[in-house]
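# A closer look at the structure
One-letter residues, chain by chain:
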Amino acid sequence: MMTKERQIGLKLPQSHITGDRVTGREKWLGYLLGPAGALLLNAVLATYLNVYYTDVLKLTSVWGGMFLVVFPIVSKIIDAVTNVAMGYIIDRTHTPEGKARPWLLLSAPLMAITGVLLFTIPNAGEPVQVIWVLVSYNLFYSFAYTIFNMSHNLMVPLSTRDITARGGLSVFNQIATVMMSGILVALVFPMVTMPMVGVDQGKWIGLMSALSILALPLTLLEYFFTKERVTLENQAAGEEVSIPFAKQLKAIFTDKYMLLIYAYFLIYTAGSCIKNISLVYFCNYVLGSYNDGITQTMVSAIGGIPMGIGIFAVWPLAKRFGKRNVTLAGFILYAIGGAICWMFPHNMVMVLVGQFIKNTGGLPCAYVFMALFADVLDHLEWKTGFRSDGIAMSVYNIIAVAMVGVCTGIFNGWLAGAGYVAPEMVNGVTVAAAQSEAVQSLITFGFVGLEVFTGIALIVLLVFLSVEKDIGKKQGEIKARREHK
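Residues numbered from 1 in each chain as written. Predicted model: local features only at pLDDT ≥ 70, side-chain atom pairs only at ≥ 80, totals over all residues. Heavy atoms only, no water.

Our focus in this paragraph is the overall build of the protein chain. A tally of helices and strands in the protein chain yields 18 helices and two strands. Compactness check: the protein chain gives a C-alpha radius of gyration of 22 Å against a globular reference of 23 Å for 485 residues, within 12% of the reference. For the C-alpha atoms alone, the extent of the protein chain along its principal axes is close to 75 × 45 × 40 Å. Residues classed as buried in the protein chain amount to 57% of the 485 residues present. Sequence-distant contacts in the protein chain: of pairs separated by 6 or more residues, those separated by 24 or more amount to 85%. About 18800 Å² of surface is accessible on the protein chain, with carbon and sulfur atoms providing 69% of the total. The average position of the 34 basic charges and that of the 28 acidic charges among the side chains of the protein chain differ by 7 Å. (Helix = DSSP H or I, 4+ residues; strand = E, 2+ residues; numbered from the N terminus. Rg over C-alpha atoms; globule rule 2.2 N^0.38 Å. Buried < 20%, exposed > 50% of the residue type's maximum accessible area, 1.4 Å probe, protein only. Contact = heavy atoms within 4.5 Å. Areas by Shrake-Rupley, 256 points an atom, 1.4 Å probe, with all protein chains shown as cover. Lys, Arg positive; Asp, Glu negative; His and termini not counted. Charge placed at Lys NZ, Arg CZ, Asp CG, Glu CD.)

Attention now moves to unusual backbone geometry. The phi angle at K58 is positive, at roughly 55°, despite the residue not being glycine. By the secondary structure assignment, K58 is in the loop between α2 (36–56) and α3 (67–91). The phi torsion at W63 lies on the positive side, around 55°, for a residue other than glycine. If you trace the backbone, W63 turns up in the loop between α2 and α3.

Bringing the environment of Y48 into the picture now. Tracing the sequence through the fold places Y48 in helix α2. Each C-alpha atom, one on Y48 and one on I277, is 8.0 Å from the other, the two residues being 229 residues apart in sequence. In this view, Y48 contacts V185, F189, P190, M194, W204, V280 and Q296; residues no more than four positions away in its chain are not counted.

Opposite charge on two side chains permits them to pair, given that their charged atoms come into close proximity. Scanning the entire structure with this criterion turns up 18 salt bridges. Note that R161 and D378 form a salt bridge whose closest N and O atoms lie 3.5 Å from each other. Residue R161 is found in the loop between α6 (155–159) and α7 (163–197), and its partner D378 is found in helix α15 (residues 363–384); the two are separated by 217 residues along the sequence. Both residues of the pair, R161 and D378, count as buried. (Salt bridge = Lys/Arg side-chain N within 4 Å of Asp/Glu carboxyl O.)

Glancing now at helix α11 (residues 256–287). Remark: the principal bend of α11, roughly 45°, maps to Y281. Counting buried positions over the 32 residues of α11 gives 25, a clear majority of the element. Its side-chain oxygen placed 3.2 Å from the backbone nitrogen of Y257, D255 serves as the N-cap of α11. (Bend = angle between axes of the 7 residues up to and from the residue. Polar contact = N/O pair within 3.5 Å; in protein donor to acceptor, adjacent residues only side chain to side chain.)

Tracing the chain through its elements places T95 in the loop between α3 and α4 (101–117). Among the polar contacts made by the side chain of T95, one reaches the main-chain amide nitrogen of E97 at a distance of 3.0 Å.

With that settled, consider the packing of helix α16 (residues 389–418) against helix α17 (residues 437–462). Look at α16 against α17: their axes get within 9 Å of each other, and the N-to-C directions meet at 165°. The orientation of α16 relative to α17 falls into the category roughly antiparallel. For the element pair α16 and α17, the recorded crossing hand is right-handed. From α16, F411, W414, L415 and A418 reach across to α17, where they touch A438, V439, L442, I443, F445 and G446. Of the residues belonging to the contact of α16 with α17, the class tally is nine nonpolar, one polar and no charged. (Axes fitted to C-alpha atoms, helices over the stretch in contact; angles between N-to-C directions. Parallel < 35°, antiparallel > 145°, perpendicular 65-115°, else oblique. Left-handed = near helix turned anticlockwise from the far one by under 90°. Nonpolar A, V, L, I, M, F, W, Y, C, P; charged D, E, K, R; others polar.)

For the structure shown, the criterion picks out 38 aromatic pairs. Aromatic side chains W63 and F67 sit 5.1 Å apart centroid to centroid with 80° between the ring planes, which places their arrangement in the edge-to-face category. The exposure class of F67 is buried, given its relative accessible area of 0%. Geometry around Y141 places K76 over its ring, the cationic atom sitting 4.0 Å from the centre. (Phe/Tyr/Trp six-rings, centres within 6.5 Å; stacked < 30°, edge-to-face > 60°. Lys NZ or Arg CZ within 6 Å of the ring centre and 35° of its normal.)

Assignment of secondary structure puts Q129 in helix α5 (residues 126–153). Residue Q129 is classed as buried on the basis of its relative accessible area, which comes to 11%. Apart from residues lying up to four places away in sequence, Q129 is in contact with L57, L59, I121, P122, N123 and A124.

Read these as geometric descriptors, not functional statements.
Right under this line is the structure:
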């Protein structure tokens, strides 16, 4: 017979959100502004950390080109292990402030410190630099950011059972991502920041240290203006018990909807990771010239306009036609837009048209995925009688981090194998080499070709992900079980 675990005795600062209903302060401060610092830091790293390694530190040729292939993959294996550990810990954390939110407090200073270490690589011999890269990368991604990301991603599913309110929080959460990656990183960085920074390591260190430190107070804001109503509801009903780890894993990996949503996320993430890594290289060597200050900005701006429109359009459509149905229809446009870009990679107008169509199609996925994932978690609770949030989210995060490592390794292997030539500093000016046709072709496939295939695969897969059709009824049954205990 399972026994209830004792609550952790540590005195934690209380949330400023006290009511049972989702509030405006909660949306704007907890789900929009609060995550912005960490999301900005992560967005910059996702786009430019590999550029820092290849162009500033010039690590492309280390170990005959194999270091930047092997190191990301090995690091993500470590990251996967820490994600499972963190999921296990979260499910066994019992405090008056919830089980995921308390870990946001720890992640705030850790991200600031390890984010700085990522870029303060000493100008020493190759062995020292390799060791520093390995250690700093894993301290940030496998430790600090894992703690934040696991906790942050559970805020929407654990915030409320109200499907409409939960969907609204999912949209606000995505707006934070769009503001950081779709506006600052996609527009300001290529047009203003990158031409100023170039391949000057000192400027990189100053820039990234500032972004790392900024994440600290904003992450604390997310802690203070969120609330785990689902967790507290289960605590009040006496349902916060220790479920055996093996039982949780079996529940997750024998449920068809959980397997479908994991497969959906894996395919989508693989295509997105390769695209994100390829973006800078595509704009520098295929469509435009190196750090010209305009090409990447135009691609990101025109392609990103739909994300702003989506704030107002996606959730009303999802409520009327269903989250799954709107997402499926969107991926049809997604594949069509990618195909247009792939056919005309050197034509700015056609690339911009294709990007606009593709990103319009990607809107539903971006804005409602976490609400759909929350439906699957509620379905799993209905089916099994217990919550598996931490473990389920750890698998989700493993997919996310593993794809980053695998895709980075694959892309760097492509670059090394095709003969990529890193830029040089000549009299204080960054000078980029012309890349071969083979290098340009693989960069083009990475940025605009691969997602044609992933879009088609996602269309097929989503046909079977029909979890939301009776989720209201299942939530009612969960509530009825609790009331009759």
